[in-house]
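# Geometric and topological summary
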Amino acid sequence: MTSQHRGGFWDGSGKLVFILAYLLLLASPCTAFLPDFWSRVLTLSWNSHTHQHITEQAVLNVTLETLRGVKKHQGHDEEQTRLGRGFWRAVGEVVKSNAAMDFLNSTRSDPVYHFDSERVDGAMKLLRQFWAQTLLSVRAKEYQSARHSLGQLFHSLQDFYSHSNWVEMGQRFIYLHLLQPEEPAFPVAAEKTHTCMECFSATCRDNLLPRMTNKQRDTQMLTTGYFSSSKPAGKCSHGGILDRSRDLEAKGGINKDSTSPLFSPHHYLHMEASRLAMEATLSVLRDIRDTVGPTTFLRLFSVKQVPALVFVIDTTGSMFEEITAARYRAHSIIQSRAGSPGQPGTFLLVPFHDPEIGPVYETDDPNQFMQHMENLMALGGGDEPEMCLSAIQLALTHSPPLSEIFVFTDASPKDAHLYDVVKALALEKQSKVTFLLTEDPNYTSESRGKKRRRKRRRRRELLSPDRFSLYSSLSSLSGGLMIFTTNSDIRRVSAIVEDNTAVDRVTLLHVESDEESMSSHSFRVDRSVKNVTLHVTGILTECVLTSPSDQSQSLLSQRGPLAELQRFEGLYRVGLLPPIQPGRWTLQAKSDGHLTFHVIGDSSVDFLYYFAVVTNETHPGLARVEGSPVAGVPAFLVLAVTGLAPDEEASFSHVTLLGADGESLQQVKLLNSSSSSSSSSSSSSHSVEELVGRVDSVPVGPFCVRLTGRDGRGNKLERVSAEMVQPTRVQIQVLSVPRLVPGHSTMVAFDILNHGPARHFSLTADDDCGYLHKRGPHSFHVAGPGSFHDQVDLLTPATAQAGATVTLTLTVRALDSPDSNYAVAYLTVIPPDPDTSPPSCSAARVQSMCPSVCNESSWSVSLVVSDRGRSGLAALQLQSGEGALTLVRSPSPTDDGLGEDQPGQDQQQAHGDKATGGGHDHHRQHRHHHHQARLETGDPPLNVSEWTSSSSQPLWVKYTSSCCSAQAELLVWDTAGNMKRCHLASGQQQRVRDGSAETSAAGRIALSAVVFSLLGPLGSFLL
């Protein structure tokens, strides 16, 4: 676990700003569970559970649960799992989308998104849309889109338990009907039905009318608080000092958002509401996992993912050596990863020349990728330039966040107009772009189809030496490298591909220098860092490396006491020799030109960060800044430190904002956010250290972030985020992210905010599928300071595939200054009328004769399984239970229901034909109606899509088990992806409370000896 000094708030001006921010909040309304950790500070409710806490904990718990299940299935011993930077980045995307519902203009005041104002039916419809969209995106491997819709779903779902009277009705379990339309529903109070009585104190007890807290199931009804000045008389308010409706009849409120009576009249029920919200969130995640499978679920959250290998390769005739080098590195990386633990990585290749780009080849199979690389040929072309930026755009669109993208080319870009779009995508995804160029910009060009390895022929027409400047700018701002090398050295230079795609690779130093005099740069190595490698691009005339013990070595020599040098054309590759001394290392270098220093090492300890501002609209909290931060104004810097082992202690005191040359621009003191993500005993060893600092004034020029702290022994620890933040005085705010429907037009609205003087701007829109009506650029004038409202229109073709994601990139640039900014939105294609009805299970016969000696008897239940919608049954799986499930095409005409067959020859034969993955052939092998297949726990899902002649035709199944195993669970899917959980239990396991059978927090239900109930689909959420 990490430790951090928890001192007071900032002294001096920082403390004043905090107080002023808090006073501003008192003038504005607040609704919903608090958005994030900072909301607890602003509302003085330190122990409140926020949307952020509930979401982080739920994802973390189900992820660890899934990992344990995978290890158990594979027969591996339980081992400590470190959830690294990729996982917490993925979780952060879900949290960001969740919190944005409280911050976006289009959602923060709409009661449908928050279960306010008794808009329960509309909110439930929206929940089910979010579920369908999430599932479509996951199946299409559009994981960023899936995380976005999942965050939206979680927000509304969690708000139900805080804003409704569900807790006050005495309900101890989640409301299944929210996401499962076939489950029993509670009526909502009519418009003219009074629901609350007057309350004249901050804490409102018993202010709901008796009919709204009735414990009798048949007379209960739902209500939710109103959050506006137009509340009907007699209705409940949301409540709290920020709710404008709290003084209208009936006065008071019922929200359970926090533990503070100032903000939540029912604060005393906050913990129970947050517990139910947590259970509901857990159920959704488990349903997703069981629907898509554990491997895909872990991919959704980038769990134990090795870094993606992404190549963008020029395939013109001059690129034979470069393609060979890329092929060699891919093979080497695949060989080194063979047999290593962790999820399979992503392999992505984008070939290009002029005018062809792509197609994108993406796979999780390393052997298929190598086969594709073997088939890649250098053919055609011969002219300068090529469509390189278009290919990089495709690579950024298709690759996961935090990727390293390697571009092999010898030509400048023909599509320079895409630079802003590519820059936006690289910054948004925090992906690095490295260029390996086999062309010296100081040379003249030649016919590329006749290029020789050693001797270049000059053409009469000289090419500009700065024709690669866009590549240089892109590599610099993304934290990548720009290497000019030769065909003879490209294979050895490409070693940086392996260096930068190793697991747990962290950056210790990234700085550029144009000084002709001697420059000095330093980096720190702590005890957790292994295998330190230095990359220096450019031409060195002098370079000295000095260790923490003041021992020095010239890096122009091949080997010395500190490091081993490999020198290639355009690149110095230096490896520190073990044992590597912890402490501060210094580089002193001199060159006649541009140098880039990049120092990396192996360590699990790393960090993520974002900029945020205090919001004082409808919800108190820190709203994440989209795009680049605004220069010259205060902002908050929020960091998450990842990868610390449970027994590691570390404290983090500050970050330093470093300029382009490595100079210190500003030091920002950090405080522990006291985020509750470490409060769960089951997952505390995997939590992140969340820190927050106040930037007094965001620098005007580009900068990167260096985190500084100390390990448990008091030694200094540093990490650097290599990408360059680009401060600006213009912003783009996307107001809504609509869904795309095939055959229809969709409008995306946005605002341009000008924080500088009045001036003209140019706007460009781009999407990766060609759906935009207009791309621009188009110019407009914005007052200073002022805003400009606009929209772009997309036409989705009727043939668009459901689940596909369209990446929309908006970039704005001032015409009279370097100010620019960007916004990236991910739009999902959904079918116009999706099937959201899950399959059903109904009892045909139950047999249960379980005496006290369990191993002498068995129990069984016979079910009719069918699809409620129009899609038809797809698959079945026995998720748990020690018995066996027998599938039957149709019941025997001589049997009552499924009969009381005992295991015999037919069953034994069926057992030999157990499902093995595909499952398509079982019904062909057994044409008679009995015992088509037999399933046991651990078998993969059995495909039954061809078992029925129509979507409405049912299947019959029978589950039989020893009385010693009293429970089982059957999963049933339809072809639209909706899932039904069928929970089975012997009669002796029934538990009756308050006169009725109850579900557990996970939605389990018990069977009586005569009747059983079946619970919630995964295609809707089982909550």
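Scroll up a little and you will see the structure.
Calculation rules
Residues numbered from 1 in each chain as written. Predicted model: local features only at pLDDT ≥ 70, side-chain atom pairs only at ≥ 80, totals over all residues. Heavy atoms only, no water. Phe/Tyr/Trp six-rings, centres within 6.5 Å; stacked < 30°, edge-to-face > 60°. Helix = DSSP H or I, 4+ residues; strand = E, 2+ residues; numbered from the N terminus. Buried < 20%, exposed > 50% of the residue type's maximum accessible area, 1.4 Å probe, protein only. Lys NZ or Arg CZ within 6 Å of the ring centre and 35° of its normal. Contact = heavy atoms within 4.5 Å. Core = buried A, V, L, I, M, F, W, Y, C linked by side-chain atoms within 4.5 Å. Pairing = 2+ DSSP bridges. Axes fitted to C-alpha atoms, helices over the stretch in contact; angles between N-to-C directions. Disulfide = S-S within 2.5 Å.

### Brief notes about the packing of aromatic side chains
With the rule as written, the count across this model stands at 21 aromatic pairs. Here Phe468 and Phe484 contribute two aromatic rings whose centre-to-centre distance is 5.6 Å and whose plane-to-plane angle is 65°, an arrangement assigned as edge-to-face. Of this pair, Phe468 sits in the loop between β5 (432-437) and α13 (469-478) while Phe484 sits in strand β6 (residues 482-484); the two residues are 16 residues apart in sequence, bridging distant segments of the chain. Phe484 gets classed as partly exposed once you look at its relative accessible area, which sits at 25%. Taken together, the ring pairs connect Phe115, Phe160, Tyr161, Trp166, Tyr175 and Phe186 into an aromatic cluster. The ring of Tyr268 has Arg205 sitting right over it, with the charged end atom 4.1 Å from the ring centre.

### Focus: the side chain of Ser547
Within the fold, Ser547 resides in the loop between β10 (540-546) and β11 (552-554). Residue contacts for Ser547: discarding those within four places in its chain leaves Leu562, Gln581, Arg584 and Trp585.

### Focus: the nonpolar core
Grouped together as the largest cluster of nonpolar side chains are 65 residues, with contacts concentrated most on Phe87, Tyr161, Trp166, Leu178, Val284, Leu285 and Phe301. Secondary structure elements with two or more residues in this core: α3 (51-74), α4 (85-103), α5 (120-139), α6 (143-163), α7 (270-292) and α8 (294-300). What Tyr161 contacts, discounting residues up to four positions off in sequence, is Trp166, Val167, Ile174, Tyr175, Leu178, Lys256, Ala273, Leu276, Ala277 and Ala280. Judged by nonpolar contacts, the second largest core, of 37 residues, contains Ala395, Leu418, Leu425 and Leu437.

### A short note on the sheet that holds strand β1 (residues 309-314)
If you trace the 6 strands from one edge of the open sheet to the other, you get β3-β2-β1-β4-β5-β6, paired in mixed fashion. Each having just a single partner strand, β3 (361-363) and β6 make up the two edges of the open sheet. Ignoring strand direction, the axes of neighbouring strands in this sheet form an average angle of 10°. Two elements, β5 and β6, share 3 bridges in a ladder whose sense is parallel. In the strand pairing of β6, Leu436 is matched with Ile483.

### Looking at the state of the cysteines
The tally for this structure, following the rule as stated, stands at 5 disulfides. One disulfide bridge connects Cys841 with Cys982, the sulfur atoms lying 2.0 Å from each other. Residues Cys841 and Cys982 are joined through a disulfide that is right-handed, its torsion about the S-S bond being 45°. Of this pair, Cys841 sits in strand β31 (residues 839-848) while Cys982 sits in strand β39 (residues 979-985); the two residues are 141 residues apart in sequence, bridging distant segments of the chain. Across the pair, exposure class does not vary: Cys841 and Cys982 are buried alike. Described in terms of the sequence order of its bonded cysteines, the disulfide pattern of the protein is 1-4, 2-3, 5-10, 6-8, 7-9.

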